[in-house]
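Coordinate inspection notes
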Amino acid sequence: MAGLNPKQEEACSYTEGPLLILAGAGSGKTRVITHRIAYLIDERSVNPYNILAITFTNKAAGEMRERVDAIVGFGAESIWVSTFHSMCVRILRRFYERLGGKNNFTIYDADDQKAAVKEVLRLLSLDEKQYPVRAMIAAISKAKESFLSPSQYEEQNAGSFREQNVAAIYREYQKRLRSNNALDFDDLICRTIDLFLQHPDVLELYQERFRYIMVDEYQDTNHAQFVLVKMLAAKYRNLCVVGDDDQSIYKFRGANIYNILNFEEEYPDAKVVKLEQNYRSTANILNAANGVIANNEGRKDKSLWTENPEGEKVVFTRYEDDRGEAAGVAKRIFKLLQAGGRLSDMAVLYRTNAQSRILEEQMIRENIPYQLVGGTNFYARKEIRDMVGYLKVISNPADDISLVRIINVPRRGIGDTTVNRMRDIAAERGTSLYDVLLDADQLPGLSRAAGKVKDFVELMERFRRTAEDGTISVLYQEILDQTGYRKELEQERTDEARSRLENLQELLNKISDYEMHAEQPSLVELLEEISLVADTDAEEDGSDRLTMMTLHSAKGLEFPYVFMVGMEERLFPSGLSLDSDDPDATEEERRLCYVGITRAMKQLYLSAAGRRMVNGNLTFPAVSRFIEEIPENLLQKEGKQEDADAIFGSQDRNRYYDEWQGTTFRRKTGSGYGVRRESRPKPTMQRGLPEKAAVDYTVGDTVKHIKFGRGVVKEMIRGGNDYEVTVLFDGAGEKRMFASLAKLRKV
DNA sequence: GAACCCATCATTTTT
DNA sequence: TGATGGGTTC
């Protein structure tokens, strides 16, 4: 195991029984996981077929797959590298009938859920104000995660009138999903658990298959996922979980930090390995991070250290206002560029998406190319959702939610009244809406609309026939043309319509791409990928751009130069977390700060503004407590450090803490900034740099890879003592891999 | 059914 | 500030 430190090596070679790897930021976690897999196969003769590696995001799964392929070579493809959700889909597609479902089920995403809840609220005549859709979805999700059925939920909250209604919403929601033959994301996990509980033979099948299980980002697992893993690992108990409690930042979406904190109680015989050597950051940056996180209680005891040089001090700049901050960041970026830095080495991180606007405006003004990561994703766009809606109905006509979405898009004279009447009939008959449409001409009271409904069903039936014997891309084009969707946009002749058309073209590209690469393309599988793979897997256009994103999106990434803006009380840590009665809320913000700081490799710039526009209000925020938690000797402070003094003269800072609400002013209308946002550049994936290696080839050489065969080295980037090698293979196309992992031989 | 006006409301996000 | 959703009007 060349190039691993003793702890890493220990983690790789401990293969039997439960293992907890506490992997600090930048400690070479992914390397350990991939090496461990290789070790299992090479040294312990484990059949790759018996290995399961679970990650959280598709991106992580993709990267791991690539690295595993590169290091393992032949046989690697039989390792399951998967997200929780795609693993469950795969299992359910095979066995869902055992639970009485149909295996062509549709997966409902957040938007579909929202539509379903809204329908339920209307049905139950409940007020959206009192029962906000978001909160209802959260409540349902939470209930599912703790395996509470609607009735159990009702019982548990028997005392509360409101909760009784929530239970009713949950019940109706679930009923709807069932009759629509749809599962939401939580169902994917929970129904798989149901399947295992009700059919022990199926569970055993997978226990036998997955004799070695690894879970990455274990601190992000929720309760249901914990249970699922536990069931799978129950027989062989070869469960290795990797995570960092200090990087747990997703409590708000169900992550349960106790899964990792209590792992040793759950598995008393567990071995614990701590990876505490950081290879990423300078000592100053790392110590700043340590200083901040030390203020949290209830964490696993560990302290990151590094052999890296001390480096520059962490810079903290207080700007007069938010615009000044954006300008200051831009100015600093120019300085870095002059000194030979590259934009792709820099990132600006912020707490809330709302902060991006002012930064974007500044970057546009200064002609600094940038990319936003995250934000609205491709599949959330209206035109895409519409087209996907058509595909969903074609694939699963029972999907009422999607049917209602598209039945009058583009306008075809089937208005709300008609739809509601037909829904009533469907409810009466106990059939799906689509079944009602099928005999629209027999229906009473639809006189005028009946013809239009009939036209629509005929259209849909034609699509279904195409779906049966044509390709998906042909079907897609047919939908675009025969519904008049394309024509309508073409006639609009606005920038927006043009961009929508481009997106529709992009979707076609994705579909064709899928058809070319899938082993056995099917509409069901395509839709599954669309639902499960949220973000556009970025075309890496390779152009040199600044990256801007939220702190959350930055997890798992690294950049030589990092800017963390808006280091202000009530922005970061967020006001909501400070007002929360949950003491962990502020600790989670601190972990988020820790995550942000540890993204930086060479230089970290922190900043705050003395005046900031928040939700249309002018505020005078105090400097974030996190700044004060960084040891003074690591900080280089710039700008006016006093708080609202800049505006109010000499007032006590703490007064502004207390009275911040009193110091906000409503902004008068009319001002506004001149620059409008351009269409957003598409998000691009970033990947981290690894560590060591000695190589006997260089750019231009022909090399051989165990799996991909012959190829020519196109590029070698040094990262630490490793090389990131880009090879153009004769068969497999261009691949990037690490010299230390890929067993490349010069030919 | 579409265009407009007003009121309301604001973390973080992947699957 | 801005996005969004509901209600109103033509």
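All values derive from a computational prediction rather than experimental measurement.

This next bit is on the pattern of salt bridges. Under the defined criterion, the tally for this structure stands at 52 salt bridges. Counted as one network, the salt bridges with shared partners bring together D109, D111, D112, K382, R385, D386, K392 and R405.

This part takes up the packing of aromatic side chains. Considering all chains together, one arrives at 12 aromatic pairs under this definition. Between the aromatic rings of W80 and F210, the centroid separation amounts to 5.0 Å while the plane-to-plane angle is 55°, which identifies the pairing as tilted. Placement of W80 in strand β3 (residues 80-83) and of F210 in the loop between α10 (200-209) and β6 (212-215) is noted, with a sequence separation of 130 residues between them. Judged on exposure class, the residue W80 and its partner F210 are both buried.

Time to look at the sheet that holds strand β7 (residues 239-243). Strand pairing within a sheet occurs via backbone hydrogen bonds; the two strands may be parallel or antiparallel. The strand order across the open sheet formed by 6 strands is β3-β2-β6-β7-β1-β8, and the pairing between neighbours is parallel. Each having just a single partner strand, β3 and β8 (271-275) make up the two edges of the open sheet. Taking the axes of each pair of neighbouring strands and ignoring which way they run, one obtains an average angle of 15° across the sheet. The sheet contact formed by strand β2 (residues 51-55) and β3 spans 4 bridges and is parallel. Paired with L52 across the strands is W80, a residue of β3. Along the sheet, helix α1 (residues 6-13) makes contact with β1 (19-23) and β8, crossing β8 at roughly 145°.

Here the focus is the protein's contact with DNA strand B. Neighbouring DNA strand B are 25 residues; H85, R351, R411, T550 and S574 lie closest to it. The sugar-phosphate share of atoms of DNA strand B within 4 Å of the protein amounts to 48%. In this structure, R351 approaches DNA strand B through a side-chain N or O atom, which is 2.5 Å from a base oxygen. The contact in question runs from a phosphate oxygen of DNA strand B to an N or O atom on the side chain of T550, over 2.6 Å. When its residues are assigned to classes, the surface near DNA strand B shows 7 nonpolar, 13 polar and 5 charged.

Let us now look at the packing of helix α14 (residues 283-293) against helix α28 (residues 584-597). One can describe the packing of α14 onto α28 by two numbers: an axis separation of 9 Å at closest approach and a directional angle of 175°. Accordingly, the angle class assigned to the pair α14 and α28 is roughly antiparallel. Contacts between α14 and α28 involve I285, A288, A289, V292 and I293 on the former and, on the latter, R590, R591, C593, Y594 and I597. The residue makeup of the contact of α14 with α28, split by class, is 8 nonpolar, no polar and 2 charged.

We now examine a positive patch on the surface. A contiguous patch of positive charge, built from K114, K118, R122 and R134, is present on the exposed surface. Per-element tally for the positive patch: the top contributor is helix α5 (residues 110-123), with 3 residues. In this fold, K118 is placed in helix α5. Overall, K118 belongs to the partly exposed group, its relative accessible area being 32%.

Another aspect to go through is unusual backbone geometry. Geometrically, the link from V409 to P410 is a cis peptide bond, its omega value of -5° lying close to zero. Of note, the amide linkage connecting F572 to P573 takes the cis form, showing an omega dihedral of 5°. You can see P573 is positioned in the loop between β15 (559-564) and α27 (575-579). Positive phi values are uncommon outside glycine, yet S125 reaches one of about 50°. Structurally, S125 can be placed in the loop between α5 and α6 (133-145). Its identity as a non-glycine residue notwithstanding, N367 has a phi of 60°, on the positive side. In this fold, N367 is placed in the loop between α16 (356-365) and β13 (370-372). Overall, N367 belongs to the exposed group, its relative accessible area being 67%.

Our next topic: α5. Helix length check: α5, at 14 residues, gives a terminal C-alpha distance of 20 Å against a target of 20 Å (1.5 Å per residue), a fit within 8%. Taken together, the buried positions of α5 are occupied by D112, Q113, A116, V117, E119, V120 and L121. At the N-terminal boundary of α5, the capping side chain belongs to D109, with an oxygen 3.0 Å from the backbone nitrogen of D111. Backbone geometry just downstream of α5 places S125 in the positive-phi region, at approximately 50°.

All right, on to helix α3 (residues 58-72) then. An ideal rise of 1.5 Å per residue puts 21 Å on 15 residues; α3 measures up with 20 Å between its terminal C-alpha atoms. Among the residues of α3, A61, M64, R67, V68, D69, A70, I71 and V72 are the ones counted as buried. Positive backbone phi, at 70°, marks G73, one or two positions downstream of α3.

Our next topic: empty space enclosed by the protein. According to the stated counting rule, one finds 9 cavities of 30 Å³ or more in the structure shown. Within this model, the second largest cavity holds a volume of roughly 70 Å³. Lining the second largest cavity are R93, N104, F105, T106, I107, K392, S395, V524, L527, E528 and S531. Among the elements of the structure, β4 (106-108), α17 (382-395) and α25 (523-532) are those that each provide at least two residues to the lining of the second largest cavity. The leading source of residues in the lining of the second largest cavity is α25, at 4 residues. For the lining of the second largest cavity, the residue count by class is 4 nonpolar, 4 polar and 3 charged.

Conventions adopted
- By convention here, each chain's residues receive numbers from 1 onward along its written sequence.
- To read the labels, note that chains go from A and ligands from 1, taken in the order they are written.
- With pLDDT at 70 or above as the cut-off, local features in this predicted model cover only qualifying residues; side-chain atom pairs require 80 or more to be listed or tallied, and sums for whole chains, interfaces and linings still use all residues.
- The basis for the side-chain values is all heavy atoms of the structure; hydrogens and waters are excluded.
- Each salt bridge in this description consists of a side-chain nitrogen of Lys or Arg and a carboxyl oxygen of Asp or Glu lying within 4 Å of one another.
- Each aromatic pair joins two rings of Phe, Tyr and Trp (for Trp, the six-membered one) with centres within 6.5 Å, and gets the label stacked for planes under 30 degrees apart, edge-to-face for over 60, and tilted for any other angle.
- Elements are defined by DSSP. Helices are runs of H or I of four residues or more, strands are runs of E of two residues or more, and each kind is numbered from the N terminus.
- Relative accessibility decides the category of a residue: with a 1.4 Å probe and only protein chains considered, values under 20% of the type maximum give buried, values over 50% give exposed, and everything between is partly exposed.
- Only when DSSP finds a minimum of two bridges between them are two strands counted as paired.
- Between N-to-C directions, angles span 0 to 180 degrees; the directions come from axes that are lines fitted to C-alpha atoms, helices contributing only their stretch in contact.
- Only heavy atoms enter the contact rule, under which two residues are in contact if any of them lie within 4.5 Å.
- Only heavy atoms are used to decide nearness, and a residue is near a molecule or strand if one of them lies within 4 Å of it.
- Here a polar contact means two N or O atoms within 3.5 Å. Within protein one must be a hydrogen donor candidate and the other an acceptor candidate, and residues neighboring in sequence count only if both atoms are side-chain atoms.
- As a working rule, the residues Ala, Val, Leu, Ile, Met, Phe, Trp, Tyr, Cys and Pro are called nonpolar, Asp, Glu, Lys and Arg charged, and the rest polar, with Gly in that last group.
- Note that the term roughly parallel is reserved for angles under 35 degrees, roughly antiparallel for angles over 145, roughly perpendicular for angles of 65 to 115, and oblique for everything else.
- Patch membership requires over 30% relative accessible area and the absence of a salt bridge. Like charges are linked within 9 Å, and nonpolar side chains (Val, Leu, Ile, Met, Phe, Trp, Tyr) within 5 Å.
- Per-residue accessibility takes into account occlusion by the displayed protein chains alone, with areas from the Shrake-Rupley method and a 1.4 Å probe.
- Positive charge is attributed to Lys and Arg, negative charge to Asp and Glu, and no charge count is given to His or to the chain ends.
- Where a charge lies is defined by one atom per residue type, namely NZ (Lys), CZ (Arg), CG (Asp) and CD (Glu).
- The span you would expect from a helix comes to 1.5 Å times its residue count less one.
- Both site types are read off a 1 Å grid over the protein atoms alone. A 1.4 Å probe that fits but cannot get out defines a cavity, while an open set with protein on both sides within 12 Å along at least five of seven lines defines a pocket; lining residues have an atom within 4 Å of a point.
- Grid points are joined across faces, edges and corners, and a volume is the space filled by probe spheres set on the points.

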